[in-house]
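Chains, contacts and geometry: an overview
Residue strings, one per chain:
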Amino acid sequence: MRKLLTSKTSDKIAMLVLDKFLVAFNARAPRGLSATCNFPHLRLANGKFTVWQTRAEFEKDNELTVPLEHDWHRTVSDWRKVVQSSDKKFHVALCFTRYDEDGKKVSTFQSLYIITKQRAHWGIQARSSFAP
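Notes on the structure follow. (Residues numbered from 1 in each chain as written. Predicted model: local features only at pLDDT ≥ 70, side-chain atom pairs only at ≥ 80, totals over all residues. Heavy atoms only, no water.)

**Describing the environment of E59**
- Its place among the elements puts E59 in helix α3 (residues 55-65).
- Distance from E59 to P30, taken between C-alpha atoms, is 4.9 Å for residues 29 residues apart in sequence.
- Those residues in contact with E59, other than ones at most four positions away along the chain, are P30, R31 and S34. (Helix = DSSP H or I, 4+ residues; strand = E, 2+ residues; numbered from the N terminus. Contact = heavy atoms within 4.5 Å.)

**Looking at the pattern of salt bridges**
- All told, the structure shown has two salt bridges when counted by the stated rule.
- Among the salt bridges present, the one from R80 reaches D19, with a minimum N-O distance of 2.7 Å. With R80 in strand β3 (residues 74-85) and D19 in helix α1 (residues 7-26), this pair connects stretches of sequence that are 61 residues apart.
- Linking E59 and R55 is a salt bridge whose minimum nitrogen-to-oxygen distance equals 3.7 Å. A residue pair is termed a helical-turn pair when its members lie 3 or 4 positions apart in one helix, as E59 and R55 do in helix α3 at four residues.
- For E59, a relative accessible area of 13% puts it in the buried group.
- When its relative accessible area of 41% is taken as the criterion, R55 is described as partly exposed. (Salt bridge = Lys/Arg side-chain N within 4 Å of Asp/Glu carboxyl O. Buried < 20%, exposed > 50% of the residue type's maximum accessible area, 1.4 Å probe, protein only.)

**A look at the packing of aromatic side chains**
- Summed over all chains, the structure comprises seven aromatic pairs.
- Their ring planes at 15 degrees and their centres at 6.1 Å tell us that F21 and F25 sit as a pair that is stacked. Of this pair, F21 and F25 are both found in helix α1, four residues apart, which corresponds to roughly one turn of the helix. When sorted by exposure, F21 lands in the same class as F25, which is buried.
- Where F39 meets F58, the ring centres are 5.7 Å apart and the plane angle is 70 degrees; that geometry is what we call edge-to-face. (Phe/Tyr/Trp six-rings, centres within 6.5 Å; stacked < 30°, edge-to-face > 60°.)

Encoded structure:
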């Protein structure tokens, strides 16, 4: 049986990964984004399931897709909660809001992120979102 991490430890590790992801996302930095992920990386959104096998594949695809919405300027985390955790995986329910350059809300979405530990690296392995 796997040893479970305490919720305090889980929160700290998971939130650090999510913070780094959001910084890279807002900076429109595909390399920074890929550094926060584990591969293969999976995303289920807008009825489409996407799998990136490698960092290079992910970075190339994300150069074309960021920004996601024409008036999107930045994304802010509204709330995040580790709902399950072990010594090698976290499930994090979260909600984020996208804003335009003037600070006007564009959209809000809930998501589930799965963060895994691979070769001593904590990274986002999978994302399921109601975002486009």
